[in-house]
Protein chains: 2
Amino acid sequence: MEYMNTASTSEPRWLSDEQQRVWRSYIDATTLLEDHLDRQLQRDAGMPHVYYGLLVKLADSPRRRLRMTELAMYAKITRSRLSHAIARLEKNGWVRREDCPDDKRGQFAVLTDAGGEVLRQTAPGHVEAVQQAVFDRLTPEQQKALGEIMRIVAEGLQPSEAGADLPWLR
Amino acid sequence: MEYMNTASTSEPRWLSDEQQRVWRSYIDATTLLEDHLDRQLQRDAGMPHVYYGLLVKLADSPRRRLRMTELAMYAKITRSRLSHAIARLEKNGWVRREDCPDDKRGQFAVLTDAGGEVLRQTAPGHVEAVQQAVFDRLTPEQQKALGEIMRIVAEGLQPSEAGADLPWLR
DNA sequence: CCGAAGTAGTTAAAAATTCAAGGAGAGCTC
DNA sequence: GAGCTCTCCTTGAATTTTTAACTACTTCGG
């Protein structure tokens, strides 16, 4: 009878009333926040939040560049999605592609000066939005708890052993 | 010199190192989780997470129906987005529209029997996914903290209090 | 060196979302 | 009741994301 315990045959583990309220709050907050930041950045920087995050990550990287796959992993998005995103950012002149000398399949996404300039001009507004929407409203204890909780959830969903096949990271 | 304190002229309130780590974890967790649930539901129920949430809300409503605007507000999405979503769900036969007798502009979104059936069959798998990704990994205290934190953030972004996030305009 | 298998990245098409605009009815004022 | 404004919802186009191939290159095992 070991199969009685599989998800498909056993009694569903419904959420408690309290858990349902937590989950609803989570959905509401994440939906509203992502929407809020998307609009803020679309208005002030001309790009959605995810794209902005790509530029930030490039800016923080050595020589302002990253391999496509590596950038996709940092941003937690698919390579396909990244390809489209970089194509769009390239059209804006904020990123350029560069061939990887070591691996002829490889591409670097490189932050351009124009891209750096956009970041410089819009970063303050974006941080301010994040501060007002999140950190200003939470106690230091809550901030700490949030970090811990999100770290745990993210770890549990991390694509398994990704990076094991990325030699240049080791 | 009161304008010295506007966001555009004063020194940006950068995030502390610890806050940056919290924020990064938040982005990672929410991105991975939404992606995870989208795939789970796309595979098992043939629709993205947001659409699933619409059916759930309808199922919980009196007479399994809700005015479009009301549903949009519950789901925290725009009416435009909801229009498209309901159109798609209607094509699947899971929702139908009904005219509102009181207000000729109004429309009800009504959950069909087929829609209820999809929900019945896929709800267990979805709850299980949420349990495994979130609640199984958190202590009761963390679950409580998460609820409180998300409630605070969501409240601060509620459109009803629009302008609350623009203190420099007051 | 050869071939099989795996990896890096792109692409086209389909689906979803945003954005701006608009039609139609409700409600308010004079 | 005419005009004005506001609300409800939809629509079409543009943008973004997903999905499923697909090309080109690398690596591994012999």
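For the structure given in this document, a descriptive report is provided here. Just so you know, these numbers come straight off a predicted model, no measurement behind them.

### Some thoughts on the overall build of chain A
Now for step 1: Within chain A one finds six helices and three strands.
Now for step 2: Of the accessible surface of chain A, which amounts to about 9,600 Å², a share of 51% is contributed by carbon and sulfur atoms.

### A closer look at the relation of the copies chain A and chain B
Now for step 1: Its rotation angle being 180°, the transformation that places chain A on chain B also includes 0.0 Å of axial translation and leaves an RMSD of 0.0 Å. Seen this way, the second copy is the image of the first under a two-fold rotation axis.
Now for step 2: Looking at the interface residues of chain A, 100% of them are also at the interface in chain B, so both copies use one shared face.

### Observations regarding the pairing of strand S3 (residues 107-111) of chain B
Residues and elements named next belong to chain B.
Now for step 1: The element S3 is largely enclosed, with a buried count of four among its five residues.
Now for step 2: One ladder, built from five bridges, connects strand S2 (residues 95-99) with S3; its direction is antiparallel. The partner of Asp 99 across the bridge, within S3, is Gln 107.

### So, the interface of chain A and chain B
Now for step 1: On the side of chain B, 59 residues touch chain A, which itself brings 56 residues to the contact.
Now for step 2: Of the charged contacts, one joins Glu 128 of chain A and Arg 13 of chain B as a salt bridge, the two residues approaching to 2.9 Å between their closest N and O atoms.
Now for step 3: Our count for the chain A to chain B interface comes out at 14 residue pairs in polar contact (both at pLDDT 80 or more).
Now for step 4: Of all the secondary structure elements, the ones that give two or more residues to the side of chain A that touches chain B are helix H1 (17-45), helix H3 (68-75), helix H5 (113-133) and helix H6 (140-157) of chain A.
Now for step 5: A per-element tally of the side of chain A that touches chain B places H1 of chain A first, with 17 residues.
Now for step 6: Residues of the side of chain A that touches chain B, tallied by class, amount to 31 nonpolar, 14 polar and 11 charged.

### Considering the side chain of Gln 19 of chain B
Now for step 1: Along the chain, Gln 19 of chain B falls in helix H1 (residues 17-45).
Now for step 2: At 3.1 Å, the side chain of Gln 19 of chain B and the side chain of Gln 143 of chain A are in polar contact.
Now for step 3: In contact with Gln 19 of chain B, other than residues within four places in its own chain, are Gln 131, Phe 135 and Gln 143 of chain A together with Trp 14 of chain B.

### Details of the protein's contact with DNA strand C
Now for step 1: Taken together, 25 residues form the shell around DNA strand C, and within it Thr 69, Ser 83, Arg 97 and Arg 105 of chain A together with Ser 80 of chain B come nearest.
Now for step 2: In DNA strand C, atoms within 4 Å of the protein come from the sugar-phosphate backbone in 70% of cases.
Now for step 3: Between DNA strand C and Met 68 of chain A, the relevant distance is 3.4 Å, taken from a phosphate oxygen to a main-chain nitrogen or oxygen of the residue.
Now for step 4: Between DNA strand C and the protein, one listed contact pairs a phosphate oxygen with a side-chain N or O atom of Arg 88 of chain B at 2.9 Å.

### Regarding the protein's contact with DNA strand D
Now for step 1: In the region of DNA strand D, 23 residues are neighbours, and Ser 80 of chain A together with Thr 69, Ser 83, Arg 97 and Arg 105 of chain B sit closest.
Now for step 2: Within 4 Å of the protein, the contacting atoms of DNA strand D are drawn from sugar and phosphate to the extent of 68%.
Now for step 3: For DNA strand D, a base oxygen lies 3.0 Å from a polar atom in the side chain of His 84 of chain A.
Now for step 4: For the surface near DNA strand D, the elements supplying multiple residues, two or more each, are helix H4 (79-92) of chain A together with H1, helix H3 (68-75) and helix H4 (79-91) of chain B.

### Notes on the pattern of salt bridges
Now for step 1: Counting across every chain of the model gives 30 salt bridges over all chains.
Now for step 2: In this structure, Asp 136 of chain B engages Arg 13 of chain A in a salt bridge whose closest nitrogen and oxygen atoms are separated by 2.9 Å. With Asp 136 of chain B in the loop between helix H5 (113-133) and helix H6 (140-157) and Arg 13 of chain A in the segment before H1, the pair connects residues from two separate chains.
Now for step 3: Classification of Asp 136 of chain B by relative accessible area gives partly exposed; the value is 43%.
Now for step 4: By sharing partners, the salt bridges in this structure join Arg 13 of chain A together with Glu 128 and Asp 136 of chain B into a single network.

What counts, and at which threshold
Residues numbered from 1 in each chain as written. Chains lettered and ligands numbered in written order. Predicted model: local features only at pLDDT ≥ 70, side-chain atom pairs only at ≥ 80, totals over all residues. Heavy atoms only, no water. Helix = DSSP H or I, 4+ residues; strand = E, 2+ residues; numbered from the N terminus. Areas by Shrake-Rupley, 256 points an atom, 1.4 Å probe, with all protein chains shown as cover. Least-squares fit on C-alpha atoms with pLDDT ≥ 70 in both. Contact = heavy atoms within 4.5 Å. Buried < 20%, exposed > 50% of the residue type's maximum accessible area, 1.4 Å probe, protein only. Pairing = 2+ DSSP bridges. Salt bridge = Lys/Arg side-chain N within 4 Å of Asp/Glu carboxyl O. Polar contact = N/O pair within 3.5 Å; in protein donor to acceptor, adjacent residues only side chain to side chain. Nonpolar A, V, L, I, M, F, W, Y, C, P; charged D, E, K, R; others polar. Near = heavy atom within 4 Å.

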